[in-house]
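Observations on chain architecture
So the chains spell out like this:
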Amino acid sequence: MGNDIDVNVMVNLETHPTVDLGVVSYDDMRKIIVLSMISLDGVMQAPGGPEEDRSGGFAHGGWVAPFFDEAYGMVMEKQLQPADLLLGRKTFDIFASYWPEHEKDWLGINDVTKYVMSHTKKESSWQNTVFLKSLAEIKKIKNAAGIDIQVHGSGELVNLLLKNDFVDELWLKIHPLTLGKGKKLFDKGTIPAAFTLLEHTVTPGGVIIANYRRTGNVKTATIGA
């Protein structure tokens, strides 16, 4: 699940909680929450398997699997609560080929709305799928009543959302390895923005799982002044 918006569209569970890592909504306002598995050098390409995304000659698909343990699984289970989804076309295609028949592993996935950003794909047999073509449509959905919206994979879409300050929270899983080349989470046009740490967990395998909330402008000062 790497960069995949349609190109035509621009435990030891040692926690320090302020909120539950699995809580979908923190107040009454609908949020766009980006969930991403990344390496230390920010690569997010093909975390799930060798054949997930070989574009650009990427040869390390499936790099998350060696770090998956009970603590990791507990957080994943909490975070896969019912939430509407906003996906790029390629990530949607991956999801649509698997999840409709595996709902027992992600309860409610077939019932929530799947919003897909694409100019080329217009229909799907997966129930509750809605296709979008613009940021204006995303803004309209974000401002409407409903449950929070999660973004999985969808690298180019995430960069578009970050560039336009549409991301309310980042739920990151930072893995202790570098991958060199590959599609990256913070790749194109992110803006200066401040975030506050909501909670973090370090798994026995050394994965830092951290949730951040968007909180305003970047502040600067002189150290020691």
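In case you missed it, the structure is sitting above this.
In this numbering scheme, every chain counts its residues from 1 along its sequence in written order. pLDDT decides what is reported in this predicted model: residues at 70 or higher carry local features, side-chain atom pairs at 80 or more are listed and counted, and totals for whole chains, interfaces and linings draw on all residues regardless. Only hydrogens and water are removed before side-chain values are computed, so all heavy atoms of the structure are retained for them.

Topic: helix H3 (residues 135-143)
To be explicit about the condition: We call a residue buried when its accessible area falls under 20% of the maximum for its residue type, exposed when it is over 50%, and partly exposed in between, using a 1.4 Å probe and counting protein chains only. Helix and strand definitions follow DSSP, with helices as H or I runs of at least four residues and strands as E runs of at least two, each counted in order from the N terminus. The directions considered for the arc run from the helix axis to the C-beta atoms. The contact definition used throughout considers only heavy atoms, calling two residues in contact when any of these lie within 4.5 Å.
Among all positions in H3, only Ile138, Ile141 and Lys142 are buried. One side of H3 carries all its buried residues, which in axial view fall inside an arc of 100 degrees. Seen from the buried face of H3, the exposed residues on the opposite side, beyond 90 degrees, are Ala136, Lys140 and Asn143. Here the buried face of H3 lies against strand E2 (32-39), strand E3 (84-88), strand E4 (114-117), strand E5 (129-132), strand E6 (149-152) and helix H4 (155-163).

Here's the deal with helix H1 (residues 70-79)
Given 3.6 residues per helical turn, the α-helix brings residues three or four places apart onto the same face. As a reminder, the rule being used: Definition of a polar contact: a pair of N or O atoms within 3.5 Å, with one able to donate and the other able to accept a hydrogen when the atoms are protein atoms, and with sequence-neighbouring residues admitted only if both atoms are side-chain atoms.
For H1, the complete set of buried residues consists of Ala71, Tyr72, Gly73, Val75, Met76 and Gln79. In this structure, the buried side of H1 is in contact with E2, E6, strand E7 (169-175) and strand E9 (208-216). One side-chain oxygen at the N-terminal end of H1 lies 3.3 Å from the backbone nitrogen of alanine 71; it belongs to aspartate 69.

Topic: the environment of isoleucine 138
Following the sequence through the fold, isoleucine 138 ends up in helix H3. Sequence separation of isoleucine 138 and leucine 86 is 52 residues, and the distance between their C-alpha atoms is 8.7 Å. Contacts of isoleucine 138, omitting those with residues within four sequence positions, involve Ile32, Leu86, Met117, Leu132, Leu157, Leu161 and Phe166.

Section: the pairing of E9
As a reminder of what qualifies: Paired strands, in this sense, are two strands between which DSSP finds at least two bridges.
Pairing between E7 and E9: six bridges, direction antiparallel. From the neighbouring strand, leucine 170 faces E9, where its bridge partner is tyrosine 212. In this structure, strand E8 (residues 194-202) lies alongside E9, joined through eight bridges in antiparallel fashion. Bridge pairing in E9 links threonine 196 to arginine 213. Between E8 and E9, which pair antiparallel and follow one another directly, the connecting turn spans five residues, one of which, glycine 206, has a positive phi of 90 degrees.

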